[in-house]
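# Fold and contact review
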Amino acid sequence: MDIKRNQPDLQARKEQIISEVIGKLRRHFGRTLEEATPSQLYKAVAMTVRDAIMEKWTATRKARVQQQKKRLYYLSVEFLIGRSLVNNIINLCQDEAYRQALEELGVDLAEIEQSEPEPSLGNGGLGRLAACFMDSLATLGLPAMGCGIRYEYGLFRQKIVDGSQVEMPDNWLDDGNVWEVPNLDDQMEVHFGGQIEEDWSSGQLHIRHTGYHTVIAVPYDIPISGYDSDVALSLRLWSARAPQQLDMSLFSRGEYARAAEEAELAQTISKVLYPEDNHQEGKMLRLQQHYFFTSATIQYIVKDFKKRYPHMPLTRLHEKVAIHINDTHPALAIPELMRILLDQEGLSWEDAWQVTRNCFAYTNHTVMSEALERWPLQMFRELLPRIHMITNAINEQYCHDLWEIYPNDFGKISYMSIIAYDQVRMANLALAMSHKVNGVSQLHADILRKDLFADWARTEPDKIIGITNGVTIRRWCVKANPGLTDLITEAIGPDWIKDADQLQKLIPFAADAAFCERFRRVKAENKARLSNYIASKMDIKVDPGSLFDCQAKRLHEYKRQLLNALHILYLYRRLKEDPAANIEKRTFFFAAKASPGYYRAKEIIRLIHAVKVLVESDPVVREKLQVVFLPNYCVSLAEVLIPAAELSEQISTAGKEASGTSNMKFMLNGALTIGTLDGANVEMAQLMGGENIFIFGRKAQEVENMLRNKLYHAGELYETNRALKNVLDMLVDGSLPADHPRQFSDLYQSLLFGDGGNIADPYLVLDDFAPYAEAQEEVQRVYRDTQEWTRRAVLNTAHAGFFSSDRTIQEYNERIWHLEPIQMERE
Ligand code: CRA
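Everything numeric in this text was worked out from a predicted model, so none of it was measured. Numbering of residues starts from 1 in every chain and runs along the sequence as written. Residues qualify for local features only when their pLDDT is at least 70, as the model is predicted, and side-chain atom pairs are given and counted only at 80 or more; totals for whole chains, interfaces and linings, by contrast, use all residues.

This part is about the overall build of the chain. Only DSSP runs of H or I covering at least 4 residues are called helices, and only runs of E covering at least 2 are called strands; the numbering of each starts at the N terminus. Tallying secondary structure elements over the chain gives 33 helices and 23 strands in all. Each radius of gyration is computed over the set of C-alpha atoms, and the globule rule expresses the reference value as 2.2 Å times the number of residues to the power 0.38. By the compact-globule yardstick of 28 Å for 827 residues, the chain fits well, its C-alpha radius of gyration being 27 Å. Its C-alpha atoms give the chain principal-axis dimensions of about 90 × 75 × 60 Å. Any residue with 12 or fewer other C-beta atoms within 10 Å of its own C-beta is exposed, any with 20 or more is buried, and the rest are partly exposed; the C-beta atoms used are placed from the backbone. Evaluated residue by residue, the chain yields a buried proportion of 49% over its 827 residues. Residue pairs are scored as contacts if the distance between their C-beta atoms, which are placed from the backbone, is within 7 Å. Long-range contacts, defined as pairs at least 24 residues apart, comprise 75% of the intrachain contacts of the chain with a sequence gap of at least 6.

Next up, the structure:
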């Protein structure tokens, strides 16, 4: 990378870095350069980067306070930020200075980067989106703070043992975290349980909350530097601890274990990230986590507002504060703000209601009913008695308002109400109390408006909007793919990194043979890099000359890794029948974690491994096909995998994937997509024209219609499609290597007969099988024409600008938040 902007004195900065790194090693570790371990070197270098960001951080805070601008609080239970060192160097535009300095010191940046513990504080798309948003907010200089939980254990580490997933704890904080700064001044008390008393003795209502447990929320702030920007924002992650680390009265009585117990209990709140993606766990600890971080955040928001604007009444809070909830997990922030406004600040119910609605906006990320959060009323009431009272009152008023609109329509009002059938429905709470609600792609927003949230859309027609997701160009191209970044910059200049629409300037280069040749070479280098990575980490040899076909995402039935696996079995059979069959050499990469309690997802992992072993063991087939399962998919693995991909598998059942974001990363890195018209794939096809993407399968409307009207009968396809029948039979006829006596009968059963009252094959794997196999034929036909493939690959990159999270954030800002950038004085 060679971006020389903002580097007035490269030489001077280089010298400075060298002396700083040596100084940090001496002062912090008592080591010379020669003696330092890779981990100490990593920390020393990271500290020099941190110093540079700290200056921006301080300057940003000062400017924000002076300029008194409205600030966004982005609340999310996950921020999947990944490693920071290299990304921060890039965003500071000091990559060249660091490259030269470290070269002189004999230090390999890529190597010391491996010592950085990776924060895996998210499950998948939702958490990674929040991280991309922080990068874009900082780059655009918008006043914002990200607020979440500082989990001591992030998402489990995945190991594969004998073809099955095994989960290991992710103790990422064991060796400390260079990037965080605890901010003890902003500690908050959060109260759980207890009783509520209404006290009218003074003539006015006073709410008294007694008998509660206190947990202390300690904020740890991580600076997020914008790219080529003087702004650094804060990501504030709250950590739980007990009010007293040890109960001394118990301790002095010799009850040591009990003395430590309360502290332990409090700390469990921020101990571990729940590993479910697109699925709700109705566990008490999870509800505690949600209230813990939302309460601490709202308390801080009100405290900061009062400090910054001492003469402004809280009825004007929304003029200075926007609060965004990333899915419903932080929706308790709504009654929590009401609580503080009512009980502590003395606002009237009407005022508190108005202010709260004006502050909040909500993003929905899924239409899967099992992911919509609902809490058992009794648990909710016991854990959060005051929040329960307020939620109840919100519900009463809301139902009352609905009655005016839909008189006597009990069915509708009950459907839209916040509390019903002994459950608290968080989506209904968020819908009722937000001024804007958005879906994450245009198709997803349409489904919300026409189906899932149709009643709300009728009541407030402008409320539900679609804002298509995006990914940050900095991490997903500049950091992950330096070769492509250099090539693009040489062709069109460096401005595309901040203004991704400029990638369109690449369109004419798709017809430029010399450019395409270099584009191909970059892809070949990235394929070699991935191959080396796999050789060193897994001791597996892959052929970098084969087509690299990738499906990397959480394991979920609707994402249909199963369709991919069945198709490999189909190719296997074709090669067995005819070793000369016209099949292009391919390596199928899978990377996917399954939620530990999601049995069928784990069975699919087991199947992929069985397919892998089957393919490997056949001397004819293995000349053409290879299956690689990359364990422990995480941000840093994605950074190596995605730039190497040639084909991106985005094959979810249409209507189920709200947006997808890996589809965007693959496209940006010049992979062609094979996909259904689902989520943001629809927009990808529209942007570049259907000829540059391999679209197949049922459309969302058709799927919906077939399922609703029970028109789908998977068994008929089994009877009529010979090739499909043969493949399915392999799941149970002993063809596949499996220790298990029943082999893969669960998968077989669920595809053909359904289970527990579910219809057979609810994700239409069999229905889309033939169109998928056909589309895959087309893939290999085009792949053989190297020039045509490259032309299409270049066009993919050229049209990916729309999927920059900078565009997404600008849209949120124009349509929801209305923030103004912080003005920084540039030295
Ligand atoms: N699992 C959707 O399924 C979407 C991301 C981010 C998801 C993806 O299609 O790209 O959100 N939904 O918007 C989700 O987490 C709770 O719902 C996801 O990551």
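Moving on from the model shown.
The interhelical angle for the contact between helix α9 (residues 284-308) and helix α11 (residues 333-344), taken along N-to-C directions, is 45°, at an axis separation of 9 Å. One element, α9, and the other, α11, form an angle in the oblique class. Where α9 crosses over α11, the handedness of that crossing is right-handed. On α11, the residues touching Thr-294, Ser-295, Thr-297, Ile-298, Gln-299 and Val-302 of α9 are Ala-333, Glu-336, Leu-337 and Ile-340. Across the contact of α9 with α11, the residue classes break down as five nonpolar, four polar and one charged. Here an angle of 0 to 180 degrees is reported between the N-to-C directions of two axes, which are lines fitted to C-alpha atoms, with helices fitted over the stretch in contact. Orientation is classified from the angle alone, with under 35 degrees giving roughly parallel, over 145 giving roughly antiparallel, 65 to 115 giving roughly perpendicular, and any other angle giving oblique. Crossings are classed by handedness, with left-handed meaning an anticlockwise turn of the near helix from the far one by less than a right angle and right-handed meaning a clockwise turn. Gly is placed with the polar residues, together with every amino acid not listed as nonpolar (Ala, Val, Leu, Ile, Met, Phe, Trp, Tyr, Cys and Pro) or charged (Asp, Glu, Lys and Arg).

Glancing now at the sheet that holds strand β19 (residues 586-591). Sheet architecture is open: six strands sit in the order β20-β19-β18-β21-β22-β23, paired in parallel fashion. A single partner strand is all that each edge strand has here, and the edge strands are β20 (625-629) and β23 (694-695). Two strands pair when backbone bridges link them, and β19 and β20 are joined in this way by five bridges, in the parallel orientation. The partner of Thr-587 across the bridge, within β20, is Gln-626. Pairing between strands is defined by DSSP: at least two bridges between them are needed.

Our next topic: helix α4 (residues 95-105). By the burial criterion, the buried members of α4 are Asp-95, Ala-97, Tyr-98, Ala-101 and Leu-102. Buried residues of α4, viewed axially, fall in a sector of 155°; they line one side. Along α4, exposed side chains directed more than 90 degrees from the buried face belong to Glu-103 and Glu-104. Considering only its buried residues, α4 is in contact with α1 (10-29), α3 (85-91) and α5 (109-113). At the C-terminal side of α4, Gly-106 shows a positive phi close to 75°. Along the arc lie the directions from the helix axis toward the C-beta atoms.

Where helix α22 (residues 561-577) meets helix α29 (residues 722-729), the closest approach of the two axes is 9 Å, and the angle between their N-to-C directions is 105°. Classified by the angle between their axes, α22 and α29 sit roughly perpendicular to one another. Along its contact with α22, which presents Leu-566, Leu-569, Tyr-570 and Arg-573, the element α29 presents Ala-723, Asn-726 and Val-727.

Counting residues in each nonpolar core, the largest one holds 240 residues, and the members touching the most others are Phe-292, Val-611 and Leu-641. Per-element tally for this core: the top contributor is α22, with 10 residues. Filtering out sequence-adjacent residues up to four positions away, Val-611 remains in contact with Ala-565, Ile-568, Leu-569 and Val-627. Only buried Ala, Val, Leu, Ile, Met, Phe, Trp, Tyr and Cys residues enter a nonpolar core, and they are joined through C-beta atoms within 7 Å.

Mapped onto the elements, Gln-823 comes out in the segment after α33 (805-817). The exposure class assigned to Gln-823 is partly exposed, which follows from the 14 C-beta atoms found within 10 Å. The spatial distance from the C-alpha of Gln-823 to the C-alpha of Gly-141 is 7.9 Å, given a sequence separation of 682 residues.

In spatial order, the strands read β13-β15-β14; together these three strands make up an open sheet with antiparallel pairing. The outermost strands of the open sheet, each flanked by one partner alone, are β13 (374-376) and β14 (419-420). Taken together, the two bridges between β14 and strand β15 (residues 423-425) define a ladder with antiparallel strand orientation. Pairing of Ala-420 across the sheet is with Gln-423, part of β15.

So, about the site of the ligand. In the vicinity of the ligand there are 18 residues, among which Gly-125, Leu-126, His-365, Thr-366 and Ser-659 approach most closely. Broken down by class, the residue content of the shell around the ligand amounts to five nonpolar, 10 polar and three charged. Here the shell around the ligand spans two domains, since at least three of its residues come from each of domain 2 (68-83 + 118-434) and domain 3 (492-798). In this analysis a residue is considered near a molecule or strand if the C-beta atom, reconstructed from its backbone, is found within 6 Å of that molecule or strand. Domain start and stop points were drawn from an automatic or database domain assignment.

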